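Summary of structural features
What follows is the residue order along each chain.
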Amino acid sequence: MRFRHPDGSTVHLAYCTNVHPAETLDGVLAQLRDHCEPVRRRLGRDRLGIGLWLAKNAADALVTDPSALRGLRCELDRRGLEVVTLNGFPYDGFGAGEVKYRVYRPDWTDPERLEHTTALARVLTRLLPDDVTEGSISTLPLAWRTRPTDGAHTALRTLAERLDALQELTGRSIRVGLEPEPGCTVETTADAIAPLTAVGHERIGICVDICHLATSFEDPHTALDALTAARVPLVKSQLSAALHAEHPHLPEVREALAAFDEPRFLHQTRTSTAAGLRGTDDLGEALAGHVLPDAAPWRAHFHVPLHAAPTAPLTSTLPVLKTALTRLVGGPHPLTRHLEVETYTWQALPPELRPTTRAQLADGIAAELTLARDLLSDLGLKELP
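Residues numbered from 1 in each chain as written. Predicted model: local features only at pLDDT ≥ 70, side-chain atom pairs only at ≥ 80, totals over all residues. Heavy atoms only, no water.

Focus: helix α1 (residues 25–43)
The end-to-end C-alpha separation of α1 is 26 Å, in line with the 27 Å expected for 19 residues at 1.5 Å each. Backbone geometry just downstream of α1 places G44 in the positive-phi region, at approximately 70°. (Helix = DSSP H or I, 4+ residues; strand = E, 2+ residues; numbered from the N terminus. Expected span 1.5 Å × (residues − 1).)

Regarding unusual backbone geometry
Geometrically, the link from R105 to P106 is a cis peptide bond, its omega value of -10° lying close to zero. Of note, the amide linkage connecting A312 to P313 takes the cis form, showing an omega dihedral of 15°. Inspection of the secondary structure puts P313 in the loop between β12 (298–304) and β13 (314–316). The residue L142 is not glycine, and still its phi comes out positive at about 75°. Positionally, L142 belongs in the loop between β5 (134–139) and α5 (152–170). Even without glycine at this site, R231 takes up a positive phi of about 60°. Positionally, R231 belongs in the loop between α8 (220–229) and β8 (234–239). Given the relative accessible area of 75%, R231 is considered exposed. (Buried < 20%, exposed > 50% of the residue type's maximum accessible area, 1.4 Å probe, protein only.)

Re the sheet that holds strand β9 (residues 241–245)
Spatially, β11-β10-β12-β9-β13 is the arrangement adopted by the five strands of the open sheet, whose pairing is antiparallel. Either end of the sheet is taken by a strand with one partner, and the two such strands are β11 (276–280) and β13. This sheet shows a mean twist of 30° between the axes of neighbouring strands, independent of strand direction. Inspection of the sheet shows strand β10 (residues 269–273) paired to β12 by three bridges, in the antiparallel sense. Residue pairing in the sheet places T269 in a bridge with A300 of β12. (Pairing = 2+ DSSP bridges. Axes fitted to C-alpha atoms, helices over the stretch in contact; angles between N-to-C directions.)

Brief notes about the packing of helix α11 (residues 318–329) against helix α12 (residues 358–378)
The packing of two helices is summarised by the inter-axis angle and the distance between the axes. The geometry of α11 relative to α12 is characterised by a closest axis approach of 10 Å and an angle of 45° between their N-to-C directions. Accordingly, the angle class assigned to the pair α11 and α12 is oblique. As for the relative orientation of α11 and α12, their crossing is right-handed in sense. Contacts between α11 and α12 involve L318, K322, L325 and V329 on the former and, on the latter, L371, L375 and L376. In terms of residue class, the contact of α11 with α12 is made up of six nonpolar, no polar and one charged. (Parallel < 35°, antiparallel > 145°, perpendicular 65-115°, else oblique. Left-handed = near helix turned anticlockwise from the far one by under 90°. Contact = heavy atoms within 4.5 Å. Nonpolar A, V, L, I, M, F, W, Y, C, P; charged D, E, K, R; others polar.)

Here's the deal with the environment of L213
Along the chain, L213 falls in helix α7 (residues 210–215). As for L213 and P182, which are separated by 31 residues in sequence, their C-alpha atoms are 8.6 Å apart. Once residues within four sequence positions are removed from consideration, L213 is found in contact with T189, V208, E218, P220, A223 and V320.

Overview of the environment of E134
Position of E134 among the secondary structure elements: in strand β5. A relative accessible area of 35% means that E134 is categorised as partly exposed. Placed 33 residues apart in sequence, E134 and Q167 show a C-alpha to C-alpha distance of 9.7 Å. Residues in contact with E134, not counting those within four places in the same chain, are V84, L128, S173, R337 and H338. A distance of 2.7 Å separates a polar atom in the side chain of E134 from a polar atom in the side chain of R337. (Polar contact = N/O pair within 3.5 Å; in protein donor to acceptor, adjacent residues only side chain to side chain.)

Some points on the side chain of H20
Mapped onto the elements, H20 comes out in the loop between β2 (10–16) and α1. Ignoring any residue separated from it by four or fewer positions in sequence, one finds H20 in contact with Y15, Q31, H35, L361 and I365.

So, in structure tokens, the structure goes:
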């Protein structure tokens, strides 16, 4: 979906396909048919943006076989889909029964992360629509916090040089954004400033995931103003909402939270105290005993559907998303032109909230995109055909 900003520029809105994990190119093609096109049809649009997730095997198949890459581009066109951004965070295995910590490997100290991201950039130059010359890729924020990051900055500088060369070759500009996430070396937007300033290249910037920002109790205005002041490129933003518990000391609240403690993904949980941010690596740890102070609200890194907050006594951080979106695109010029709805946890929701058919999932994703579209319209952006 495309929108005209009041300044005349085009803002792209997509939804991320890591909600339909596939490890192979055939699986990706099936996603387009079984999920993405049905979402587009529900929205009544001739064209729908998708933030494509390509696992290592799928990316390798595309980068080594030009005919396969042409075939994917043709399939996108045939189904009324377009790609201006990729999710390069998960490497593989995102559809496994247990993802947890493995999503952070390989990290930016491993040469394979550089090679994989380079492959994604090469693929994206060929997938961009004919009238679009700028693409974006989100990636993990260096490494999980227990890992050393020696060599990560050198790898990012090498990536920037490769992206420069790629633009000279193709005429397409690709930028990569580190995505701050609780528990990682770069946990918050504030943590991102120093390493990105050290890299010092306009092609390497930040992807602001609003769920992550909210989980860490960051104020959107403060965070985005600091990034702007530091001249950190804002490559893209993922529109997402976290799980919020206002009174985590109450038994009924803990019972409600326990329904979201599931075995597949890591759900880092945080609370803001007078002494600073406190947290656990997973929701189950927070619920066990008195590991985490419970006198103030908790937020958990669980991407809840934008349009459907959990029932009381829980809610979502949708108000944080609305505030952030106002700062991102509500000013005289957009801070970023690539927006991506990323709710990959549909199948990890409590059973009573979980879609049981493809049709129900498509309905939910379409509803999320409709909410995002309405928020953009309220900020003065005009949806384009």
